[in-house]
Amino acid sequence: MGYVRAEDVLPEDVLQLVQEYVDGELLYVPRKGEKRIWGSGTDTRAGLKARNEKIYAEYLSGTAAQELAARYCLSVKSIQRIVRSLRR
């Protein structure tokens, strides 16, 4: 995704107002219209859900959090967070 120069597309008064808040910094302007949820355009969200359910099942069967962390290249804290969220 490229960027567009604000001075090329914004009226001078709007540009000056934006500069009061973010002078010289990068600014992301979200698309108007529907709000997209992270992962909704791909199968990443479903893949992570399946992975987390597998981690939880292995944890319930007695696999230590340290071993799961090494197996899935995650931190022990991440494993604990996954287990805690699926325990609910």
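Source: prediction; values computed, not measured.

A. Geometry of the packing of helix α3 (residues 44-60) against helix α4 (residues 65-72). Between α3 and α4, the least distance of the axes is 10 Å, while the angle of their chain directions is 150°. As the angle between them shows, α3 and α4 are arranged roughly antiparallel. By crossing handedness, the relation of α3 to α4 is classed as right-handed. Along the contact surface, α3 presents Arg 51, Lys 54, Ile 55, Glu 58 and Tyr 59, while α4 presents Leu 68, Arg 71 and Tyr 72. Grouping the amino acids of the contact of α3 with α4 by side-chain chemistry returns four nonpolar, no polar and four charged.

B. Highlighting the layout of surface pockets. Approximately 1,100 Å³ is the volume attributed to the largest pocket. In terms of residues, the lining of the largest pocket owes the most to one element, helix α2 (residues 12-22), which gives four residues. Classifying every residue of the lining of the largest pocket gives 14 nonpolar, three polar and nine charged.

The rules behind the values
Residues numbered from 1 in each chain as written. Predicted model: local features only at pLDDT ≥ 70, side-chain atom pairs only at ≥ 80, totals over all residues. Heavy atoms only, no water. Axes fitted to C-alpha atoms, helices over the stretch in contact; angles between N-to-C directions. Helix = DSSP H or I, 4+ residues; strand = E, 2+ residues; numbered from the N terminus. Parallel < 35°, antiparallel > 145°, perpendicular 65-115°, else oblique. Left-handed = near helix turned anticlockwise from the far one by under 90°. Contact = heavy atoms within 4.5 Å. Nonpolar A, V, L, I, M, F, W, Y, C, P; charged D, E, K, R; others polar. 1 Å grid on protein atoms, 1.4 Å probe; cavity = no way out; pocket = protein on both sides within 12 Å on 5 of 7 lines; lining within 4 Å. Points joined across faces, edges and corners; volume = space filled by probe spheres on them.

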